[in-house]
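Inside the fold
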Amino acid sequence: MSTRQLCLAWILFLSFSAHASEWCREPELNIFGLSAHLYETKYSARHGWNEWNYGAGLTCHLGGVGRWNDEAEAGAFKNSYRRTSFYAGYGLYYPWTPEISGGIRAVLASGYREVNSSGLRVGIMPAVKVKLNESVTLNLLARPFYRPFFCAHVGIKF
């Protein structure tokens, strides 16, 4: 990430967080993360996948939809092609137990020129959230069918 991109992200984060208390319940800092690719492409055969996807994001728990919990998320990470990705997402989760919830997450991410000319990826993936304690949540996402892929990151409440 260039200095200019980092400064812009920081300014947007500060602006966003200043107004977040009005609608953002239980904000979390997301620390990225690991991924596992269970398929091979020409790119991965030549360069290997980047499966250490470091980065950070902010998650805001919203008001919920009936018994379902929902959240909005945005941030940046180093993607599987070793490029910086900026992303935004929305997740909808049903609480199975007080510690575990499952649902879906829709994500829009930049930084994928190897995949298509726009560099954008859009996806909806099954997701599971595991509450490790009152402050830390393990977030697991999967693309189980076409080109199977799994990733994990940690959310820390502040």
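What comes next is a walk through the structure. Residue positions are given per chain, counting from 1 as you read along its sequence in written order. Reporting of local features is limited, given that this is a predicted model, to residues whose pLDDT is at least 70; pairs of side-chain atoms are given and counted only at 80 or more, and all residues count toward the totals for whole chains, interfaces and linings. Excluded from the side-chain calculations are hydrogens and water; all other atoms, namely the structure's heavy atoms, are used.

Moving on to the state of the cysteines. Defined by distance alone, a disulfide is two cysteine sulfur atoms within 2.5 Å. Under the counting rule described, the total for this entry stands at one disulfide. Disulfide pairing places C24 opposite C60 at an S-S distance of 2.2 Å. Given an S-S torsion of about -95 degrees, the disulfide between C24 and C60 has left-handed geometry. Of this pair, C24 sits in the loop between α1 (3-20) and β1 (25-37) while C60 sits in strand β2 (residues 52-61); the two residues are 36 residues apart in sequence, bridging distant segments of the chain. Strands here mean DSSP runs of E at least two residues long; helices mean DSSP runs of H or I at least four residues long; both are numbered from the N terminus.

What follows concerns the side chain of H37. Relative to the helices and strands, H37 is located in strand β1. Burial status follows relative accessibility: with a 1.4 Å probe on protein chains alone, a residue under 20% of its type maximum counts as buried, one over 50% as exposed, and anything between as partly exposed. In this structure H37 comes out as buried when scored by relative accessible area, which is 11%. Polar contacts, as used here, are pairs of N or O atoms within 3.5 Å; protein pairs need one atom able to donate a hydrogen and one able to accept it. Residues neighboring in sequence count only if both atoms are side-chain atoms. Within the local environment of H37, its side chain forms a polar contact with the side chain of S80, the two groups lying 2.7 Å apart.

Looking now at the pairing of strand β6 (residues 121-131). Pairing between strand β5 (residues 100-109) and β6: ten bridges, direction antiparallel. In the sheet register, G103 faces β6, and the bridge partner there is A127. One requirement defines pairing of two strands: DSSP has to find at least two bridges between them. Direction of pairing for β6 relative to strand β7 (residues 136-143): antiparallel, over a ladder of five bridges. Opposite A127, over in β7, you have L141 as the bridge partner. Counted along the chain from β6 to the antiparallel partner β7, the turn is four residues long.

Keep in mind that these numbers describe shape and distance, not what the molecule does.
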